[in-house]
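# A look at the structure
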Amino acid sequence: MRKNRRIVTSDPAEIAARNEGFRREVAEFDLVYRCDSCIHVRGEEHSCIFDYPNEMLVRGDVQALDDNGEWVFCKDFEIQDG
Ligand code: SF4
């Protein structure tokens, strides 16, 4: 189990509603938050230079909360600017 878990909600309907709203905002504002837009991503496999488990932020659905209701965002994300 991860330390410092931050569960927003455990209600599946609320998780789905929040993720639907998040997907609309990603599309509307061109929000980037995934590893492929981060300066810390490495190689074609898109691994993380800090060796964070990043499967969700590489190949997962566009979503703000995972199935457990926890944030999927990475606090070390830094946008590529070039
Ligand atoms: S720092 Fe975070 S967002 Fe950046 S590549 Fe690593 S896991 Fe992805």
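Residues numbered from 1 in each chain as written. Predicted model: local features only at pLDDT ≥ 70, side-chain atom pairs only at ≥ 80, totals over all residues.

This paragraph deals with the environment of Arg42. Within the secondary structure, Arg42 sits in strand 1 (residues 41-42). When sequence neighbours within four positions are dropped, the list of residues in contact with Arg42 reads Ser47, Cys48 and Ile49. (Helix = DSSP H or I, 4+ residues; strand = E, 2+ residues; numbered from the N terminus. Contact = placed C-beta atoms within 7 Å.)

Glancing now at the environment of Met56. Looking at where Met56 falls in the secondary structure, it is placed in helix 2 (residues 55-58). Sequence-wise, Met56 and Phe73 are 17 residues apart; in three dimensions their C-alpha atoms are separated by 9.4 Å.

Right, let's get into unusual backbone geometry. Backbone geometry follows two general trends: most residues other than glycine have a negative phi, and most peptide bonds adopt the trans configuration. Look at Asp30: it is not a glycine, yet its phi comes out positive at around 50 degrees. Inspection of the secondary structure assignment puts Asp30 in the loop between helix 1 (12-29) and strand 1. The backbone of Asp51 sits at a positive phi, close to 60 degrees, despite the residue not being glycine. Assessed through the 8 C-beta atoms surrounding it within 10 Å, Asp51 is described here as exposed. (Buried ≥ 20, exposed ≤ 12 C-beta atoms within 10 Å, placed from the backbone.)

The next subject is the site of the ligand. Looking at the ligand, the residues that line it are Cys35, Cys38, His40, Val41, Cys48, Phe50, Tyr52, Asn54, Leu57, Cys74, Asp76 and Phe77. Partitioned by chemical class, the residues of the shell around the ligand number 9 nonpolar, 2 polar and 1 charged. (Near = placed C-beta within 6 Å. Nonpolar A, V, L, I, M, F, W, Y, C, P; charged D, E, K, R; others polar.)

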